[in-house]
Amino acid sequence: MKMKRFGGTEKTVYELVKPITDLYGYQIWDVSFEKEGAYWYLRVFIDHPDGITIEDCEKVTKPINQAIDAADPISQAYVLEIGSAGLERELNQPEHFAQSMGMTVRARAIRPIGGEREWIGTLRALADGRLTIEMTDGTEVTLPLEELSYVRRYVAVEF
């Protein structure tokens, strides 16, 4: 896993919409611009300590759309989506890991490491390209980021 680097369009959109999300007290968690089938999708994922509701997304959609339309940084047609980063959001920026320290995460390896491919535990550290997770039994596992396909916050669902 590599830390995500914004492409040109994503970086431009991030810079355009950050003042708007800041004004409303939201954090931009991620921006993605990708083609799915015949359509291009521009997605802005927002976050707030109290969570994100549909009303929060609606509140910023119009000003974000107006800012992007005024700057016109995207030449092709696209669908704009504003959404929550979600409970099990992917961690792909250094600040995501910093904000998630002490939280439960799920890390998945590209190939087995020590016979395992998935770990769920408490995020304890990220240093020198290595992630440390404390397992429920108190042991710690340290994993190289480049060997991971993803790291996400984890929420156990109980029935």
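Look a little higher up for the structure.
Let me sum up the structure you'll find in this document. (Residues numbered from 1 in each chain as written. Predicted model: local features only at pLDDT ≥ 70, side-chain atom pairs only at ≥ 80, totals over all residues. Heavy atoms only, no water.)

1. As for the pairing of strand β4 (residues 104-113)
Note on strand geometry: in a regular strand, side chains alternate between the two faces of the sheet. Note the following rule: Note: two strands are recorded as paired if DSSP finds a minimum of 2 bridges between them. Put simply, DSSP marks the helices as runs of H or I at least four residues long and the strands as runs of E at least two long, and each gets a number from the N terminus on.
Two elements, β4 and strand β5 (residues 116-127), share six bridges in a ladder whose sense is antiparallel. If you follow I113 over to β5, its bridge partner there is E116. Counting the residues between successive antiparallel strands, the hairpin from β4 to β5 contains two residues, one of them, G114, with a positive phi of roughly 60 degrees. Here five bridges tie β4 to strand β8 (residues 148-153), and the two strands are oriented antiparallel to one another. Its bridge partner being in β8, R108 is matched across the sheet by Y150.

2. Considerations on the nonpolar core
The test is simple: To define a nonpolar core, start from buried Ala, Val, Leu, Ile, Met, Phe, Trp, Tyr and Cys residues and group those joined through side-chain atoms within 4.5 Å. Accessibility here uses a 1.4 Å probe with only protein chains present; expressed as a share of the type maximum, an area under 20% marks a residue as buried, one over 50% as exposed, and anything in between as partly exposed.
Ranked by internal contacts, the top residues of the largest apolar core, which has 18 residues, are V13, V17, L42, V44, I46, I64 and I82. When contributions to this core are tallied by element, the ones reaching two or more residues are α1 (8-24), β1 (27-36), β2 (39-47) and α2 (54-71). Take this core: its biggest share by element is five residues, from α2. Listed in part, the 17 residues of the second largest apolar core include V105, W119, L131 and I133.

3. Some words on the sheet that holds β2
Spelled out, the test is: Orientation is described by axes fitted as lines to C-alpha atoms, over the contacting stretch for helices, and by angles from 0 to 180 degrees between their N-to-C directions. The contact definition used throughout considers only heavy atoms, calling two residues in contact when any of these lie within 4.5 Å.
Spatially, three strands are ordered β1-β2-β3 in an open sheet, and the strand pairing comes out mixed. The two strands at the open ends of the sheet, each matched to only one other strand, are β1 and β3 (79-84). Strand after strand, the sheet turns through a mean of 20 degrees between neighbouring axes, direction not considered. The pairing of β2 with β3 spans six bridges and is classified as parallel. Across the sheet, the residue bridging to R43 is E81, located in β3. Helix-sheet contacts for α1 involve β1 and β2, and the interaxial angle to β1 is about 145 degrees. Running over the sheet, α2 touches β2 and β3 and is turned about 145 degrees from β3.

4. Topic: the sheet that holds strand β6 (residues 130-134)
Ordered in space as β7-β6-β5-β4-β8, the five strands form an open sheet in which the pairing is antiparallel. Of all strands in the sheet, those bounded by a partner on one side alone are β7 (140-144) and β8. Between one strand and the next, the sheet's axes are offset by a mean angle of 40 degrees, whatever the strand orientation.

5. What about the side chain of S32?
Following the sequence through the fold, S32 ends up in strand β1. If near-sequence neighbours (up to four positions away) are discounted, S32 is found in contact with K4, E10, Y41, L42, R43 and F45.

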